[in-house]
Amino acid sequence: MEYTVQYYDLVLVAIFATMAAGAGVGLLTSLALPTAVTIAGLTAALLIAHGLFVRGPVDGPEDLTDEVDVLN
């Protein structure tokens with residue numbers, strides 16, 4: 001079984017990389033660590049929002065009207 005990298009795998013890697021870069025900037029520059037991590041966190045939140053709302057995990061708007069059997 002061969003695995004291919006999907007969009008959401010890249011989003012997860014980008015979130016980790018953003019937070020790690022924020023910590024690195026905070027530790028290695030004169031920018032305060034809390035400020036750098038906060039900026040990185042806001043950037044990660046934008047990545048999450050893009051993954052949820054711009055390229056959501058549905059094929060189309062009609063998928064949003066399907067009932068979920070587990071909850072019934």
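What this report covers is the structure whose coordinates are included nearby. Values in this document were obtained by computation on a predicted structure and should not be read as measured data.

### Things to note about the packing of aromatic side chains
Inference 1: For the structure shown, the criterion picks out one aromatic pair.
Inference 2: Note on Tyr7 and Tyr8: the rings are 5.0 Å apart at their centroids and 80° apart in plane angle, and the pair reads as edge-to-face.
Inference 3: The exposure class assigned to Tyr8 is partly exposed, which follows from its relative accessible area of 32%.

### A word on the packing of helix 1 (residues 7-28) against helix 2 (residues 33-54)
Relative orientation and spacing of two packed helices are given, respectively, by the angle between their axes and the distance between those axes.
Inference 1: Packing of helix 1 against helix 2 brings their axes to within 7 Å, and their N-to-C directions diverge by 170°. If you check the angle between helix 1 and helix 2, you find them roughly antiparallel. Along the contact surface, helix 1 presents Tyr7, Tyr8, Val11, Ala14, Ile15, Thr18, Met19, Gly22, Ala23, Val25, Gly26 and Leu27, while helix 2 presents Leu33, Ala36, Val37, Ala40, Gly41, Thr43, Ala44, Leu47, Ile48, His50 and Gly51.
Inference 2: In the contact of helix 1 with helix 2, the residues fall into 16 nonpolar, seven polar and no charged.

Cut-offs and rules
- Residues numbered from 1 in each chain as written.
- Predicted model: local features only at pLDDT ≥ 70, side-chain atom pairs only at ≥ 80, totals over all residues.
- Heavy atoms only, no water.
- Phe/Tyr/Trp six-rings, centres within 6.5 Å; stacked < 30°, edge-to-face > 60°.
- Buried < 20%, exposed > 50% of the residue type's maximum accessible area, 1.4 Å probe, protein only.
- Axes fitted to C-alpha atoms, helices over the stretch in contact; angles between N-to-C directions.
- Helix = DSSP H or I, 4+ residues; strand = E, 2+ residues; numbered from the N terminus.
- Parallel < 35°, antiparallel > 145°, perpendicular 65-115°, else oblique.
- Contact = heavy atoms within 4.5 Å.
- Nonpolar A, V, L, I, M, F, W, Y, C, P; charged D, E, K, R; others polar.

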